[in-house]
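Each chain, written out:
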Protein chains: 2
Amino acid sequence: MAEAPVKPPAVRGPVTIQDVARRAGVSTATVSRALAMPDRVTDATREAVFAAIRETGYTPNAAARNLRAKTTKMVLVLLPGIGNSFFTPILNALEEVFSEAGYGVLIGYTRQDRSRETHYARVIRAGQVDGVLLVTGHLPRDEEFTHFPYTVPVSLLLSEMPGYSGFSVFDVENRAAARTMTDYLIGLGHRRIAHIAGPTLNPEANERMAGYREALAAAGIPFDPGLLWTGATNFDFASGEAAARRFLDSTERPTAVFAAADEIAFGFLRAIRSAGVVAPRDVSVAGFDDTEYAFHYDPALTTMHQPRAEIGRRSAEDMLRRMRAGGDPEPTVRVRLPCALVIRESARRLD
Amino acid sequence: MAEAPVKPPAVRGPVTIQDVARRAGVSTATVSRALAMPDRVTDATREAVFAAIRETGYTPNAAARNLRAKTTKMVLVLLPGIGNSFFTPILNALEEVFSEAGYGVLIGYTRQDRSRETHYARVIRAGQVDGVLLVTGHLPRDEEFTHFPYTVPVSLLLSEMPGYSGFSVFDVENRAAARTMTDYLIGLGHRRIAHIAGPTLNPEANERMAGYREALAAAGIPFDPGLLWTGATNFDFASGEAAARRFLDSTERPTAVFAAADEIAFGFLRAIRSAGVVAPRDVSVAGFDDTEYAFHYDPALTTMHQPRAEIGRRSAEDMLRRMRAGGDPEPTVRVRLPCALVIRESARRLD
DNA sequence: AAATTGGATGTAATCGATTACAAGATACGC
DNA sequence: GCGTATCTTGTAATCGATTACATCCAATTT
């Protein structure tokens, strides 16, 4: 008899409200009430119920509760599924707010795949979630989304969908931010400034491009189509590398390059370095996003800070408000946050 | 009459199996059967049911199904909630396999917070998920996890838990990998090799440290405690920066530094660079993980590749197998994958 | 032509919680 | 001492699907 035997949990298998009621000597209704409205039962009853719950290790069955309450306490977050480290702060903030409020966070990666979009649309229609947050840049191509009102509240994060309505939108002032960055580069004395644009079909990418052109125009610098590098299919390293080939092949290279995303800038920086071109010595480079690596890269990247965590937090709070409203047509909101210029090492004053 | 009015969906609000049954002129049992076992109903009936489903836009209610079937088709993935870009490939692979199999992926960030761990333990006990994947490095401190068998299958990813049993474990050969890396640095002519260890309490960090010491011993290099830099609280930039201060203050600096994680290496690289020390010119640096930035950093990082996506995929497949087994005590597995040395630019032969 | 077989379908119980309603108990006022 | 208001608790319906069992009908066998 070397050690005391480990005492197994009192009850194995699913403990139901019936078990608790029997043990506490009350009805299931009373157990339910003791849990939901503790002050509607006598002190003695409450004690007995809680004791029985403790002894049995009871946890209410979620499916039964959901069925009755027509609510699931779950939200679905749809992400594109590529370049995910960018989305991490958003996801983190969302999980923080939602789990605090007792909601579970279901994630779905659509990977731009239509069948995966319909898959998740079915999850929504099946009443498996109380709300949906789209961080994909577009609506799932499914009937669920072709008509307003939707069965559950829907929010758009980081991008808007002109022409559609019925959801809250949380994004940043892409155009103004790109304008600010370009103004900054111009202020450093640059006049031949290239822009590595994001995906052509992406609204944010186009806003950033517009901001870039706006700044040039305001400074009286004629727009040179040869310095607008499009063709990116994503905000990723590869797009930066493609741009680097263009840069290196140029007869007259730009003195500054403004990338539509940090990852694009990193891909660009790495690729030109292989050719012996170093930023900021030989060319100034700026990014957009202020991802965690912007600070830690070499050179530290001058970029526009996007308040990703704040977008996550605020959209989660708005979603909670709308979900709690029940079926009522709770008003949606349109939140557009400013970005902040973060000056680091990768761009410098032109000699 | 400028445009054709948009036709709203046939039915608004939740469509139940009753609605479909009524419309198809059959009983709810038949609808259910037409869906679950199409060959057990006549062609005509099946047609009628499917037509009714199409017309009404019916989707089975998940809660009702879960309640009856005692299954939720959901898995919970618990993550530490810090340094998340490292976990992204795992999460991606998990979502891919699970959603393909019709399972939803619920994420939870524990942030090492006890209350958050119990929160998610309650989610598990409530029968809200059919399986749990822990990527947190430790078991949630909750009664649910103090006794085997658990209510649902549990798997451990990236770390093991000596002394506990009942779950499948998927990790990498940390010790052998660290040995290989250290051997490689020794092979480059280095003898004063420092190791920036991971968190003291982290088993993987300790295995890597053991591999480092093993290699030194095998090469006949006496272990110098002054070159084992502990004190990291996480596998993050900050720990690398702290190590950099130690490096810069050293009277006799090591010629090579092996960091227990890529992010630690990046933090180290950036901090020494501020002091004018450049890798690999002045010091060779190696990492561990092979995160996406290892390739894109400057200098490109020599590191050990951890097959994160494969860990995600294989653990998901094992989990599916165990969940499908129902309540039977399906055997667990122990998968330990090898890492691969990835030679890039940050470490070089000692002159 | 009657008996038997098998396939298709319907009826109703079931999963586990919540909650409207009913009933019982207690206290209070007259 | 009795009626009424208030508070507590129990009974039973309900949420929407699945499925064991019963039933019905047509095809096959004798």
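Source: prediction; values computed, not measured. (Residues numbered from 1 in each chain as written. Chains lettered and ligands numbered in written order. Predicted model: local features only at pLDDT ≥ 70, side-chain atom pairs only at ≥ 80, totals over all residues. Heavy atoms only, no water.)

Asker: Just to check I follow, could you spell out the interface of chain A and chain B for this structure?
Answerer: By a frequent convention, interface size equals the accessible area lost on bringing the separate parts together. Tallying the contact residues gives 58 residues for chain A and 58 residues for chain B. When chain A packs against chain B, the two sides together hide about 5200 Å² of surface, and 53% of this comes from carbon and sulfur. In this assembly, chain A and chain B are joined by twelve salt bridges. Between Arg111(B) and Glu96(A) there is a salt bridge; the shortest N-O distance is 3.7 Å. Across the chain A-chain B interface, the total number found is 28 residue pairs in polar contact (both at pLDDT 80 or more). Mapped onto the side of chain A that touches chain B, the elements with two or more residues apiece are α4 (62-69), α5 (88-100), β2 (104-109), α6 (114-125), α9 (237-249), α10 (262-274) and α11 (292-296) of chain A. When grouped by side-chain class, the residues that make up the side of chain A that touches chain B number 22 nonpolar, 20 polar and 16 charged. Both β2(A) and strand β2 (residues 104-109) of chain B contribute to a ladder of three bridges, which runs antiparallel. In the strand pairing of β2(B), Val105(A) is matched with Ile107(B). (Contact = heavy atoms within 4.5 Å. Buried area = accessible area lost by both parts, 1.4 Å probe. Salt bridge = Lys/Arg side-chain N within 4 Å of Asp/Glu carboxyl O. Polar contact = N/O pair within 3.5 Å; in protein donor to acceptor, adjacent residues only side chain to side chain. Helix = DSSP H or I, 4+ residues; strand = E, 2+ residues; numbered from the N terminus. Nonpolar A, V, L, I, M, F, W, Y, C, P; charged D, E, K, R; others polar. Pairing = 2+ DSSP bridges.)

Asker: Quick question: what am I supposed to make of the protein's contact with DNA strand C here?
Answerer: In the vicinity of DNA strand C there are 26 residues, among which Ile17(A), Arg68(A), Thr30(B), Thr45(B) and Lys70(B) approach most closely. When atoms of DNA strand C within 4 Å of the protein are split into backbone and base, the sugar-phosphate part holds 65%. For DNA strand C, a phosphate oxygen lies 3.1 Å from a polar atom in the side chain of Tyr58(A). In the environment of DNA strand C, a phosphate oxygen lies 2.6 Å from a nitrogen or oxygen atom belonging to the side chain of Thr30(B). Put simply, the parts of the chain that give the surface near DNA strand C at least two residues each are α2 (28-36) and α4 of chain A together with α2 (28-36) and α4 (62-69) of chain B. Of all the elements, α4(A) adds the most residues to the surface near DNA strand C, at four residues. Residues of the surface near DNA strand C, tallied by class, amount to ten nonpolar, nine polar and seven charged. (Near = heavy atom within 4 Å.)

Asker: Looking at this structure, I do not really get the pattern of salt bridges. What am I missing?
Answerer: Where charged atoms of side chains with opposite charge meet at close range, the side chains can pair. Considering all chains together, one arrives at 52 salt bridges over all chains under this definition. Among the ionic pairs, Glu95(B) bridges to Arg116(A), the shortest N-O distance being 2.5 Å. Taken as a pair, Glu95(B) in helix α5 (residues 88-100) and Arg116(A) in helix α6 lie in two separate chains rather than in one. With a relative accessible area of 11%, Arg116(A) lands in the buried category. For Asp183(A), the salt bridge identified is with Arg179(A), shortest N-O distance 3.1 Å. Placement of both Asp183(A) and Arg179(A) in helix α7 (residues 174-187) is noted, with a separation of four residues, approximately one turn of the helix. Since its relative accessible area comes to 32%, Asp183(A) is described here as partly exposed. In this structure Arg179(A) comes out as partly exposed when scored by relative accessible area, which is 25%. Each of Glu160(A), Asp171(A), Glu207(A), Arg334(A) and Arg336(A) takes part in salt bridges that share partners, so that together they form one network. (Buried < 20%, exposed > 50% of the residue type's maximum accessible area, 1.4 Å probe, protein only.)

Asker: Would you mind showing me how to read the UniProt feature "domain: HTH lacI-type" (unreviewed entry) in chain A here?
Answerer: Residues given the UniProt feature "domain: HTH lacI-type" (unreviewed entry) here are residues 15-69 of chain A. The distance separating the terminal C-alpha atoms of residues 15-69 of chain A is 20 Å; by composition the span is 71% helix and 0% strand. (UniProt positions renumbered as here; feature names shortened; annotations may be inferred.)

Asker: Can you walk me through the nonpolar core in this structure?
Answerer: Nonpolar side chains in soluble globular proteins generally cluster together in the buried interior. By size, the foremost hydrophobic cluster in this structure holds 152 residues, and its most contacted members are Phe98(A), Leu185(A), Phe268(A), Phe98(B), Leu185(B) and Phe268(B). Those residues in contact with Leu185(B), other than ones at most four positions away along the chain, are His190(B), Ile193(B), Ala256(B), Phe258(B), Ala286(B) and Ala347(B). (Core = buried A, V, L, I, M, F, W, Y, C linked by side-chain atoms within 4.5 Å.)

Asker: Hey, could you run me through the protein's contact with DNA strand D in this one?
Answerer: Neighbouring residues of DNA strand D: 23 residues in total, closest Thr30(A), Thr45(A), Lys70(A), Ile17(B) and Arg68(B). When the atoms of DNA strand D within 4 Å of the protein are sorted by group, sugar and phosphate make up 65%. A distance of 2.5 Å is found between a phosphate oxygen of DNA strand D and a side-chain nitrogen or oxygen belonging to Thr30(A). In the environment of DNA strand D, a phosphate oxygen lies 3.0 Å from a nitrogen or oxygen atom belonging to the backbone of Asn61(B). Within the residue set of the surface near DNA strand D, elements represented by two or more residues are α2 and α4 of chain A together with α2 and α4 of chain B.

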